[in-house]
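Read off the chains here:
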Amino acid sequence: MAMLTEIATLEEKYIEICKKHGTVPNTSILSAFFEAEDKKSRNQRCIMNILVDRVMYDDFHPILELCNEINASEVEGIDLSVRSSCSLEDQYVLSLIRSVDQKLRLVDVHDCFGTTFWRDVFSQGLSCEVLNVRSLHFRKLNIAGEFAQLHTLILDSNRVTGFGEGCFSAMPNLSFLSMCDTVVSDLWTASAALLKLPSLEVLRFQIWICCSESSTTPLKPQSSTDENMFDESNSPIEADFSGVFEQMDPDLPVEETLSMDDLNAEVFMREKVRKGKMPDQTNDLGDVGLKYISTKASPICSKKHYRIYMINSLPKLKVLDNLAIRKSDRDRATETYSENFEHLPYKRKNKESVVRVLEQRETRSSKWRSQSSYTRSLCAARMGSSAWPLLHSVPSFSRVQDESRSLSPRQFEYHPLDPSLMVYGTLDGEVVVLNHENGKILRYIPSYGAQSSILGLCWLKTYPSMVIAGSANGSLKLYDIQKASSTLNTTTPTTSGSVTFDEFDQLTSVHVNSTDKLFLASGYSKDVALYDIGSGTRLQVFANMHQEHINVVKFSNHSPSIFATSSFDKDVKLWDLRQDPSQPCYTASSTKGNVMVCFSPDDRYLLASAVDNEVRQLLTVDGRLHLNFDIVPTGSSMNYTRSYYMNGNDYIISGSCDESMVRVCCAQTGRRLRDVSLEGNGSEFSMMFVQSLRGDPFREFNMSVLATYTRPSSVSEIVKVNMLAPRDNIEEQSCGLHCYPSNSMGG
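Just so it is clear, the structure is predicted and the values come from calculations on it, not from any experiment.

Right, let's talk about the overall build of the protein chain for a bit. When you go through the protein chain residue by residue, the secondary structure sums to 14 helices and 44 strands. Put simply, the protein chain shows about 30,900 Å² of open surface, and 49% of that area lies on carbon and sulfur atoms.

Here it is, written out as structure tokens:
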């Protein structure tokens with residue numbers, strides 16, 4: 001066996017190498033030798049700490065040769081640190097990291113590198129045991145390379161919002177992961193990514209710190225004899241990782257003390273809990289909740305039942321957010337999870353492969369008693385295969401240009417009979433019919449007169465080529481799309497095949513009844529107007545139906561005289577044209593202003609959506625509350641919420657204009673099936689928010705979302721979501737990560 005080079009000899013070699021290259025030895029490297037020799041003399045692990053940010057270009061080649069020599073020396077491990085800006089270019093730093101190879105123990109990096117550097121690191125992997133990365137400005141993390149030796153990964157204080165499908169797929173020994181103070185918010189994709197870590201035992205998205213019940217004085221956790229506190233036998237943090245933290249950064253202690261900012265943040269958080277603006281996490285902590293306060297929390301921690309969800313989804317986890325997971329916690333998590341979440345659609349409990357379901361169908365298994373049963377099982381199998389649904393924009397929406405400008409959708413509707421067709425109205429008053437499957441625009445109707453946003457659209461079912469469009473300026477027209485232009489170059493409006501109705505000032509909503517004979521219009525007033533489609537006349541104006549403006553009016557799907565109104569006066573009312581229009585059939589009230597209402601496809605229920613995620617399902621027959629979907633509010637009075645049905649009467653989808661999330665809930669039980677997070681184009685330095693949405697009437701677990709960006713220069717777009725198809729991750733694999741690049745009207 002070859003003799004290992006001693007540290008003193010290694011230092012001499014480094015000095016000789018520097019002479020050969022005509023450079024002075026780097027003082028930080030000489031200090032590292034001194035510290036390593038000192039540790040050796042005290043019988044400690046012989047570790048060298050190389051501060052890469054103190055390495056200049058003249059130092060590079062001597063240090064690179066030194067790293068090659070270190071692999072055959074008595075140095076047991078190398079810690080590489082980049083604490084501030086680095087003078088070396090990315091490829092030089094990568095060369096140093098790679099040269100250490102199996103002696104690499106810790107990499108502590110501040111983000112001062114470009115995309116190419118991180119693409120290489122995350123796709124190729126590293127041989128280190130501990131990786132600490134700070135200040136990453138990337139939205140999506142996709143660490144897919146091989147990190148076979150990595151047992152500790154710290155990603156605190158980064159701008160990461162979520163995970164790519166391949167993330168964590170090659171980290172067999174990772175047992176500790178910390179992602180405090182990130183922007184991660186989605187329970188479903190986070191848990192799916194974390195499930196790929198077979199050895200994960202300790203996870204942190206926040207830090208719960210023990211404090212006195214009678215004061216705010218921070219305390220160290222109780223001893224392991226107190227079963228309500230840390231059980232050191234179950235919590236490996238102190239025993240296994242304290243030494244690692246000491247090597248890395250004094251600002252990363254396992255048990256932290258509270259600063260005044262932390263205490264102020266905690267007081268603010270508890271005040272939000274008291275006012276019902278965020279869930280009380282202590283309910284999920286059981287009997288320890290009042291003895292701990294949270295710091296450095298990522299947004300995912302504010303999700304209702306976050307701790308319950310994580311404990312139930314990660315059966316091997318032992319410590320979550322610095323709190324040991326006890327058997328009683330797991331028992332409570334199992335029970336609470338089943339009450340509030342659907343693991344798979346249609347109450348399927350176990351995942352099945354799509355192939356297995358298809359095989360059973362082909363062999364005419366007795367399991368399939370109906371086509372509906374088969375379809376539901378296939379949906380469950382396909383959804384269970386991936387937590388990342390397929391999202392994509394129909395290209396024509398934001399990219400098709402009429403010379404110098406882009407079309408910007410403001411409202412849209414699926415065609416009631418043709419699965420491939422969709423109509424949308426633009427912010428400039430245009431009406432566009434397209435094949436949303438291939439993105440091809442089929443008909444284009446330019447705006448008439450002054451440009452005004454299209455806020456109301458409704459197809460006729462018995463005359464499927466006709467659509468009613470209502471604009472914010474009150475204009476109401478019936479178009480026959482067969483007679484409209486098929487080119488975007490049309491600038492002169494044509495009246496052929498169109499009918500103009502009397503205007504309804506400040507319009508926000510239109511809807512046609514089930515026989516296609518009548519339609520209603522509402523807007524920024526307390527009135528509703530009734531129109532006759534056949535004659536093109538306004539029949540009546542129902543005055544003062546609400547105390548404030550009526551944002552949305554909807555006919556029922558099967559009864560031509562029944563309709564519902566929703567108003568910002570907090571009331572939803574059901575009306576019957578056959579009765580006295582001064583008196584509603586009933587009134588149901590919300591606690592906030594109602595943004596919209598719609599009937600379930602079978603008319604059994606009314607789905608009412610009020611400001612800031614107050615979504616309730618009412619019995620159509622008498623207005624009694626059937627379900628409260630209990631979506632956590634944000635606290636914003638401008639967070640306008642809209643909800644629709646999907647898969648017939650089976651599920652509801654809900655989104656709000658201040659959030660980038662669409663919630664999918666069972667319409668029978670209220671349990672949450674999934675949250676779908678919208679993601680902007682990687683070149684956009686802004687987030688996407690839900691302005692409107694619709695369930696696809698022809699495809700199970702498909703929907704489209706009208707999304708807007710925070711950047712004023714960005715046009716809105718319609719994003720198609722397929723929850724049964726895995727996301728195309730070609731772009732993610734090629735890059736490894738994505739860089740960062742409102743109103744209440746209508747439904």
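Okay, the layout of surface pockets next. In this structure, the second largest pocket spans a volume of roughly 1,100 Å³. Taken together, 42 residues line the second largest pocket, and the ones lying closest to its centre are Glu413, His511, Asn557, Tyr644 and Pro697. Mapped by element, the contributors of at least two residues to the lining of the second largest pocket are strand S17 (409-414), strand S21 (454-459), strand S25 (507-512), strand S29 (550-555), strand S33 (594-599), strand S37 (641-646) and strand S41 (688-695).

What follows concerns the nonpolar core. Burial of nonpolar side chains together is a common tendency in soluble globular proteins. With 84 residues, the main nonpolar core has Phe168 and Leu177 as its most contacted residues. By residue number, the principal contributor to this core is helix H6 (residues 187-194), which donates six residues. Setting aside chain neighbours within four positions, we find Phe168 in contact with Ile143, Leu153, Phe163, Leu177, Ala193, Leu194, Lys196 and Leu197. Within the second largest apolar cluster, 40 residues are counted, among which are Val615, Met646, Ile653 and Val662.

Mapped onto the elements, Val433 comes out in strand S19 (residues 431-435). Overall, the relative accessible area of 2% leaves Val433 in the buried class. The contact partners of Val433, leaving out residues within four places of it in the chain, are Met422, Val423, Ile441, Leu442, Arg443, Trp459 and Ile481.

On to the pattern of salt bridges, then. In total, this model carries 25 salt bridges according to the counting rule given. Measuring nitrogen to oxygen at the nearest pair gives 3.9 Å for the salt bridge that ties Glu16 to Lys19. One end of the pair is Glu16 and the other is Lys19, both in helix H1 (residues 7-21) and three residues apart, which spans about a single turn. Among the residues examined, Lys19 registers a relative accessible area of 58% and is labelled exposed. Notably, a salt bridge pairs Asp331 with Lys327, separated by 3.0 Å at the nearest N-O pair. One end of the pair is Asp331 and the other is Lys327, both in helix H10 (residues 327-340) and four residues apart, which spans about a single turn. Judged by relative accessible area, which is 42%, Asp331 ranks as partly exposed. On the accessibility criterion, Lys327 (63% relative accessible area) is exposed. Overlapping salt bridges, with partners in common, bring together Arg326, Asp329 and Arg332 in one network.

This brings us to the sheet that holds strand S14 (residues 389-393). The antiparallel open sheet is built from four strands, whose spatial order is S14-S43-S42-S41. Whereas interior strands pair on both sides, the edge strands pair on one side only; in this sheet they are S14 and S41. Here the strands of the sheet are splayed against their neighbours by 30° on average, with no regard to which way each runs. Across five bridges, S14 lies against strand S43 (residues 717-726) in antiparallel orientation. Within the sheet, the bridge partner assigned to Leu391 lies in S43 and is Val721.

A separate point is the sheet that holds strand S26 (residues 518-523). The four strands are arranged S25-S26-S27-S28 in an open sheet whose pairing can be described as antiparallel. Edge positions in the open sheet fall to S25 and strand S28 (537-542), since each of these has one partner strand only. The sheet shows a mean angle of 25° between the axes of neighbouring strands, taken without regard to direction. Looking at chain direction, S25 and S26 are connected through five bridges and run antiparallel. Its bridge partner being in S26, His511 is matched across the sheet by Leu520.

A separate point is the side chain of Ser514. Within the secondary structure, Ser514 is located in the loop between S25 and S26. The residues contacting Ser514, other than those within four sequence positions of it, are Lys461, Ser556, Asn557, His558, Ser559 and Pro560.

Let us now look at the pairing of strand S30 (residues 562-567). The buried count for S30 comes to six of six residues, which makes it a mostly enclosed element. Summarising the sheet, S30 and strand S31 (residues 571-576) pair through five bridges and their orientation is antiparallel. Residue pairing for S31: Thr565 is matched across the bridge by Lys573. Hairpin geometry of S30 and S31 is characterised by an intervening segment of three residues between the two adjacent antiparallel strands and by a positive phi of about 80° at Lys570.

Cut-offs used in this document
Residues numbered from 1 in each chain as written. Predicted model: local features only at pLDDT ≥ 70, side-chain atom pairs only at ≥ 80, totals over all residues. Heavy atoms only, no water. Helix = DSSP H or I, 4+ residues; strand = E, 2+ residues; numbered from the N terminus. Areas by Shrake-Rupley, 256 points an atom, 1.4 Å probe, with all protein chains shown as cover. 1 Å grid on protein atoms, 1.4 Å probe; cavity = no way out; pocket = protein on both sides within 12 Å on 5 of 7 lines; lining within 4 Å. Points joined across faces, edges and corners; volume = space filled by probe spheres on them. Core = buried A, V, L, I, M, F, W, Y, C linked by side-chain atoms within 4.5 Å. Buried < 20%, exposed > 50% of the residue type's maximum accessible area, 1.4 Å probe, protein only. Contact = heavy atoms within 4.5 Å. Salt bridge = Lys/Arg side-chain N within 4 Å of Asp/Glu carboxyl O. Pairing = 2+ DSSP bridges. Axes fitted to C-alpha atoms, helices over the stretch in contact; angles between N-to-C directions.

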